[in-house]
Amino acid sequence: MPDFRLRVFQAVARHLSFTKAAQELFITQPAVTKHIRELETSYGQRLFERRGNRVSLTTAGTLLLTHADEVELLHERLQNQLHALHDEAAGRLRLGASTTLAQYVLPPILPGFQAQYPLVELTLLNGNSEQIAEALLRGQIDLGFVEGQVKNRDLHYELLLDDELVAVRCAHPEKKPPESMTLADALRHPLVLRERGSGTLEVLEYALRAHKIKLSDLNVALYLDNTEGIKSYLEAAPHCLGFVSRRALLKEVAAGWLEIVPVQELHLSRRFEVVWIQGQPLSAQAQRFLTYTQRLRKLSR
């Protein structure tokens, strides 16, 4: 089994931060410092340059990182081959998903996958679509799930599910069901939107562009980095309007807290996609999970 100190070193090298490495590994920052000092003593080389709050790899650190990544890969291959002798699936699978997928789509299927493959160590990173793409390219995750319009030419995308964004606002139980409104009327409301880099905002931006409307033209009350925050804000702000996935509104609409408002001339369909590095074969665990998620499309029809 690889030295845990190498995992600590890799985490610091990825984040260039002792604090973030400690958060990733669920250990204290002093413990991170201790492991790095032990490695530096063992190799007789400084691995990081520390200047104030800035951390960077030394030449020795860069060399060690290359070999540490190779050791990790060899260890995973050994695990896979050993378990294959008994027809068992094991090893580590690092997933990453943009917010809507991480909160509403993937969690219901993860327990079933874990029950079928109990020896696979599963982690799920949550971020916006841009952050998930970056995590793939940096080798921090094995398989990503994103939404949005912008594509990276270094990544391969495949359809997972179709989705739709809808306009939503605080429900008014004493009133009739909401009638459709024109796009102009909808955009007169103070808007609560997802942050830059999110697939949700990209879809809205592309749709508005067809009407020659820019984000800078909108009356934005607030940008938030998660859908739950938008829903909670809207419940307390009866004059505001938000745009979120229909899949994220099932409980709130059923409970009468929020209501969907049809907006004329605005079509916000999008695709949830599985993504991995272009031209790079998937690990056995990632391929198993990809196959497993294909049942999502069947269940959603």
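Use the structure listed above.
Residues numbered from 1 in each chain as written. Predicted model: local features only at pLDDT ≥ 70, side-chain atom pairs only at ≥ 80, totals over all residues. Heavy atoms only, no water.

A. Representation of the packing of aromatic side chains. Within this structure, the stated rule accounts for 6 aromatic pairs. A centroid spacing of 5.5 Å and a plane angle of 70° characterise the contact between Phe-113 and Tyr-292, whose relative ring orientation is edge-to-face. Of the two residues, Phe-113 sits in helix α6 (residues 110–116) while Tyr-292 sits in helix α12 (residues 284–300), which places them 179 residues apart along the sequence. These aromatic residues form a ring-pair network of at least three members: Phe-113, Tyr-117, Phe-145, Phe-289 and Tyr-292. (Phe/Tyr/Trp six-rings, centres within 6.5 Å; stacked < 30°, edge-to-face > 60°. Helix = DSSP H or I, 4+ residues; strand = E, 2+ residues; numbered from the N terminus.)

B. Representation of unusual backbone geometry in the model. Positioned with a positive phi, Lys-212 is a non-glycine residue whose angle comes to about 60°. Within the secondary structure, Lys-212 is located in the loop between α9 (199–209) and β8 (220–224). Judged by relative accessible area, Lys-212 falls into the exposed class, the value being 78%. Positive phi outside glycine occurs at Glu-265, with the angle close to 70°. Mapped onto the fold, Glu-265 is located in the loop between β10 (258–261) and β11 (269–277). (Buried < 20%, exposed > 50% of the residue type's maximum accessible area, 1.4 Å probe, protein only.)

C. Just the pairing of β8, in detail. Pairing of strand β7 (residues 191–194) with β8 involves 4 bridges; the strand directions are parallel. Bridged to Leu-193 within β8 is Tyr-223. Between the parallel elements β7 and β8, the chain passes through α9 in a crossover that is right-handed. (Pairing = 2+ DSSP bridges. Right-handed = clockwise from strand over helix to strand, strands pointing away.)

D. Layout of the nonpolar core. One finds Leu-93, Leu-95, Phe-113, Leu-143, Phe-145 and Phe-289 to be the most contacted residues of the largest nonpolar core, which totals 24 residues. Mapped by element, the contributors of at least two residues to this core are β3 (90–98), α5 (99–105), α6, β4 (119–127), β5 (143–147), β6 (155–170), β11 and α12. Tallying contributions element by element places α12 first for this core, with 4 residues. Residues Ala-167, Leu-193, Leu-208 and Leu-215 belong to the second largest nonpolar core, which totals 21 residues. (Core = buried A, V, L, I, M, F, W, Y, C linked by side-chain atoms within 4.5 Å.)

E. Quick peek at the pattern of salt bridges. What the rule picks out here adds up to 17 salt bridges. Ionic pairing is found between Lys-151 and Glu-273, a salt bridge with its closest N-O pair at 3.3 Å. A residue pair is termed long-range when its members are at least 10 positions apart, and Lys-151 in the loop between β5 and β6 and Glu-273 in strand β11 qualify at 122 residues. Judged by relative accessible area, Lys-151 falls into the partly exposed class, the value being 43%. A salt bridge links Asp-185 to Arg-188; the nearest nitrogen and oxygen atoms lie 2.3 Å apart. (Salt bridge = Lys/Arg side-chain N within 4 Å of Asp/Glu carboxyl O.)

F. A look at helix α7 (residues 129–137). Residues Ser-129, Ile-132, Ala-133, Ala-135 and Leu-136 constitute the buried set of α7. Along the long axis of α7, the arc covered by the buried residues comes to 160°, so they all point the same way. A side-chain oxygen of the first residue of α7 lies 3.1 Å from the backbone nitrogen of Glu-130; this N-cap is Asn-128. Positive backbone phi, approximately 75°, marks Gly-139, located one or two places after α7. (Arc of directions from axis to C-beta. Polar contact = N/O pair within 3.5 Å; in protein donor to acceptor, adjacent residues only side chain to side chain.)

Geometric values such as these leave the question of function open.
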